Amino acid sequence: MSLDLDDRQRAMLQEMGVRVWLPQAAAPVVLPAAQAVMQPARMAAKPVVASAPEKTASHARITAAETPSALHLRPEGIDGMDWPALQQAVSGCQACKLCADRKNTVFGVGQATTEPRAAPRADWLVVGEAPGENEDRTGEPFVGQAGQLLDNMLKAIGLDRRNKVYIANVIKCRPPGNRNPEPQEVAQCEPYLRRQIELLQPKIILAMGRFAVNSLLQATLPDVHKLPLGKLRGQVHSYQSAGRNVPVIATYHPAYLLRNLPEKAKAWADLCLALDLMRQEAPQNRPAS
Ligand code: URA
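Residues numbered from 1 in each chain as written. Predicted model: local features only at pLDDT ≥ 70, side-chain atom pairs only at ≥ 80, totals over all residues. Heavy atoms only, no water.

K.L.:
Before we go on, may I ask you to explain the packing of aromatic side chains in this structure?
P.N.:
Ring pairs (aromatic) are described by centroid distance and by the angle formed between their planes. Overall, the coordinates contain three aromatic pairs when judged by the stated rule. Aromatic pair Trp-83 and Tyr-166: ring centres 5.3 Å apart, planes at 85°, arrangement edge-to-face. Of this pair, Trp-83 sits in helix 2 (residues 83-91) while Tyr-166 sits in strand 2 (residues 165-169), placing them 83 residues apart in sequence. Tyr-166 shares its class with Trp-83; the two are buried. Taken together, Trp-83, Phe-107 and Tyr-166 form an aromatic cluster joined through their ring pairs. (Phe/Tyr/Trp six-rings, centres within 6.5 Å; stacked < 30°, edge-to-face > 60°. Helix = DSSP H or I, 4+ residues; strand = E, 2+ residues; numbered from the N terminus. Buried < 20%, exposed > 50% of the residue type's maximum accessible area, 1.4 Å probe, protein only.)

K.L.:
I'm lost on helix 9 (residues 264-279) in this one. Help?
P.N.:
Every α-helical turn comprises 3.6 residues, leaving residues that sit three or four positions apart pointing alike. For helix 9, with 16 residues, the first-to-last C-alpha span of 22 Å sits near the 22 Å given by 1.5 Å per residue. With twelve of 16 residues buried, helix 9 lies mostly within the body of the structure. Listed in full, the buried residues belonging to helix 9 are Lys-264, Ala-267, Trp-268, Ala-269, Asp-270, Leu-271, Cys-272, Leu-273, Ala-274, Leu-275, Leu-277 and Met-278. (Expected span 1.5 Å × (residues − 1).)

K.L.:
What is the right way to read the nonpolar core from this model?
P.N.:
Within soluble globular proteins, side chains that are nonpolar tend to cluster in buried spots. Counting residues in each nonpolar core, the largest one holds 69 residues, and the members touching the most others are Trp-124 and Ile-205. Ignoring any residue separated from it by four or fewer positions in sequence, one finds Trp-124 in contact with Ile-157, Leu-159, Lys-164, Val-165, Tyr-166, Pro-202, Ile-204, Leu-206, Ala-274, Leu-275 and Met-278. (Core = buried A, V, L, I, M, F, W, Y, C linked by side-chain atoms within 4.5 Å. Contact = heavy atoms within 4.5 Å.)

K.L.:
What is the right way to look at unusual backbone geometry in this model?
P.N.:
Excluding glycine, residues mostly carry a negative phi; peptide bonds, for their part, are mostly trans. Here Lys-164, not a glycine, exhibits a phi torsion of approximately 65°, which is positive. With respect to the element layout, Lys-164 can be found in the loop between helix 4 (145-156) and strand 2. We note that Ala-242 has phi near 50°; this positive angle belongs to a residue other than glycine. Structurally, Ala-242 can be placed in the loop between strand 4 (237-241) and strand 5 (244-251).

K.L.:
Is there a simple way to think about helix 2 in this case?
P.N.:
Those residues of helix 2 lying buried are Trp-83, Leu-86, Ala-89, Val-90 and Ser-91. The elements touched by buried residues of helix 2 are strand 2 and helix 5 (183-200). With a side-chain oxygen positioned 3.0 Å from the backbone nitrogen of Ala-85, the residue opening helix 2 is Asp-82. (Polar contact = N/O pair within 3.5 Å; in protein donor to acceptor, adjacent residues only side chain to side chain.)

K.L.:
How do you make sense of the pattern of salt bridges when you look at a structure like this?
P.N.:
Where side chains of opposite charge bring their charged atoms close, a pairing between them can arise. Counted under the stated rule, the structure contains 14 salt bridges. For the salt bridge of Glu-140 with Arg-162, the shortest nitrogen-to-oxygen distance reads 3.1 Å. One end of the pair, Glu-140, is in the loop between helix 3 (133-138) and helix 4; the other, Arg-162, is in the loop between helix 4 and strand 2, and 22 residues separate them in sequence. Glu-140 sits in the buried class, given a relative accessible area of 12%. A salt bridge links Arg-179 to Glu-185; the nearest nitrogen and oxygen atoms lie 2.7 Å apart. Residues joined by salt bridges that share partners form a network here, namely Lys-97, Arg-179, Glu-182 and Glu-185. (Salt bridge = Lys/Arg side-chain N within 4 Å of Asp/Glu carboxyl O.)

Written out as structure tokens, the structure reads:
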């Protein structure tokens, strides 16, 4: 594998605390790269940040006592929604108790297109866990310390959150006190991420942390929740979206990396694997088996 780094990228790696090295050999590949369905590169478009949805009467604060538990409160027809409709559905969602305390839903951030109602341009999709306090306040994912590290990681491979990258979370509302999302909350939110992926049509997904990995791989790897992340990383997995296989690289969550600095080198190897995959010749669209 060859990875030409310029001075800026080297500086970024230094900021990440990563010495520049290249993986000796890619770890076993679950999905042969040839099966990873790539799409032709799309034209660059003006960068636009997904703005924090405005609060309207329908999203007005509700108290915990009033929090609906009924599943039917999640909007119907998510599968057929276009991007703005999906964004609107998320901003008004009351399908789990996380809606009671949120300031903002956090839909995602990326590079918008000039085509009306189209999804942002995104070759790369980064999926995290859930908004924290800063994200809840601003309505944008990964804006705290973990976000800074994520930005540095992206810069190290020549990317940024407003250029061909989309960043989203499994969960769109902040779990109080940054606790782990509960299974019911994940189940309620997953259809939004699924539809985001269908509309974004990324060429590759970086699944960061346990929740993203479980959520994205459970369909193709039913035992995923039993496997340590250390065993899932270093491979190319697969996510099926709209009849296509999208390659998935599982890696550590930036917040975990901030607490476990030596693991940054493994995250760097995962980024190199993803970059390598993206540099391979894009195969034609193949139907998912
Ligand atoms: N951690 C996440 O997983 N997502 C965010 O948006 C912020 C922190």
